[in-house]
Amino acid sequence: VSLVGAFAASHAPGITGRPMLPPASESEPVLRGYAELRARLEVARPDVLVVVSPEHWANFFLDHMPSFCIGLADAFWGPTDEEFVKIPRRRVQGAARHARALAEGIAEDVDLSSSEELALDHGVMVPLHLLGTTLPVIPVIVNCLAGLPAPLHRCHALGVALRRTVDRWPERVVVLGTGGLSHWPAMPESGRINRDFDQRFLDAFVEGRIEAFLRYPRELLEAEAGPGGHEIRTWITVAAAAGEGHGSVLSYQPVPAWSTGCAVASLDPR
Amino acid sequence: VSLYQVQKLLFDVNRDERARARFLAEREHLVGDYELSVDERRAILEADFHTLYRMGVHSLLLGPLAATLGLSFPDYLALLRETKP
């Protein structure tokens, strides 16, 4: 198989932007989880990293808000929100030829838009920074934000199409989904975290039972996991790409000062 | 209802350097480019986060604006949470 890893992790800007705000007993498990993921990424030796990340008003507004958008450029710049995440802006190597092939493959089953100029925000840059990687990146931005986010089962279809496409390639590919889990970002409720929801979702994610969440009602998702809970879309895409393969949670830690239940997980593609 | 225009202004300020410079230097001219109600115009001119949030502005448009104005994240949250008469 050419999919050699299927990872997902929270991308809370506080991890790099406000590292000292939470107690060490909360921040250390998150950093340990990322260190373990970094080790797994090194073992996987991918040629290309597909990063599935939510839109946070970095690229799109309500005048044009795509459900899914793939970045076709040779290079990208990020983070857009450097004063917030405290990561120096840098050029991120793209993988234009593979990105176009991936876009064309996915488009056989799932409509998506494409961009020659995606801006990368904390959703991509915090994970890349913590993983210490300079691999070529194909960003796939998912609307988890506003307008008409794709229903959860369509995010699953995106992952299936992604997997079907990269399975034709000789190159080694890792897919990394970022975001979540439950959070109420930059809202008065910031710091609220629903451990029960997060645990149920993680159990389904690593046990190959993601279909249990594909028809989760929008209102219920938002009530239980907050507006930030819509970011489980990227995790669903990863689970689908992994063929519902099983895996493990490398760390889960609610961190109110970073406004989210921080999770890091890895699946074995099936 | 011009919530769309309020949010568009904030998106522009967050993502466009020229709009951000105008927001910081000549806010009263910048607001003229958008179709805002009197209350919306006032909330933007005063950077009244509490009111903007209550109007329905998306929180992830407000957070970056707070950073632009030099507000710490805890101070920003305190503004959202304050109780007003």
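See the structure printed just above.
Criteria and thresholds
Residue positions within a chain follow its written sequence, with the count starting from 1. Think of it this way: whatever chain is written first is A, whatever ligand is written first is 1, and the rest follow in order. Two thresholds apply to this predicted model, a pLDDT of at least 70 for residue-level local features and 80 or more for giving and counting side-chain atom pairs, whereas whole-chain, interface and lining totals are computed over all residues. To get the side-chain values, take all heavy atoms of the structure and skip hydrogens and water. Grouping buried Ala, Val, Leu, Ile, Met, Phe, Trp, Tyr and Cys residues that are joined through side-chain atoms within 4.5 Å yields what is termed a nonpolar core. Relative accessibility under 20% of the residue-type maximum defines a buried residue, over 50% an exposed one, and the middle range a partly exposed one, all with a 1.4 Å probe and only protein chains included. What counts as a helix is a DSSP run of H or I of at least four residues, what counts as a strand is a run of E of at least two, and both are numbered from the N terminus. It only takes one pair of heavy atoms within 4.5 Å for two residues to be counted as in contact. Polar contact criterion, stated in full: a pair of N or O atoms within 3.5 Å, where within protein one must be able to donate a hydrogen and the other to accept it, and residues adjacent in sequence count only if both atoms are side-chain atoms. Computed with a 1.4 Å rolling probe, the buried area is the accessible surface lost when two parts are put together, summed over both parts. By definition, a salt bridge exists where a carboxyl oxygen of Asp or Glu is found within 4 Å of a side-chain nitrogen of Lys or Arg.

Participant: How would you explain the nonpolar core if you had to name every residue and give the values?
Facilitator: Of all hydrophobic cores here, the largest spans 70 residues; its most connected members are Leu49 and Trp57 of chain A together with Leu9, Leu10, Ile44 and Tyr76 of chain B. At 6 residues, helix α5 (residues 122-131) of chain A tops the list of elements feeding residues into this core. Sequence-distant contacts of Tyr76 of chain B, defined by excluding residues within four places in its chain, comprise Ala186 of chain A together with Phe49, Ser59, Leu62, Gly63, Ala66 and Leu71 of chain B. Val142, Ile210, Tyr216 and Ala239 of chain A belong to the second largest nonpolar core, which has 54 residues in total.

Participant: Describe the environment of Tyr34 of chain A, and please don't skip the residues or the numbers.
Facilitator: Residue and element names in this part refer to chain A. Mapped onto the elements of the fold, Tyr34 is located in helix α2 (residues 24-44). Excluding residues that lie within four positions of it along the chain, Tyr34 makes contacts with Ala9, Ser10, His11, Ile15, Pro127, Leu130, Leu131 and Val264. Only 2.6 Å separates the side chain of Tyr34 from the backbone oxygen of Ser10, close enough to count as a polar contact.

Participant: Please give an account of the interface of chain A and chain B that cites residues and values.
Facilitator: Contacts between the two partners involve 21 residues from chain A and, on the opposite side, 17 residues from chain B. Taken together, both faces of the contact between chain A and chain B bury some 1,800 Å²; the carbon and sulfur share is 68%. Looking at the side of chain A facing chain B, the largest losses of area belong to Trp57, Phe61 and Pro188 of chain A, adding up to 36% of the total buried there. Taken together, the links from chain A to chain B amount to 0 salt bridges. Summed over the shared surface of chain A and chain B, the number is 6 residue pairs in polar contact (both at pLDDT 80 or more).

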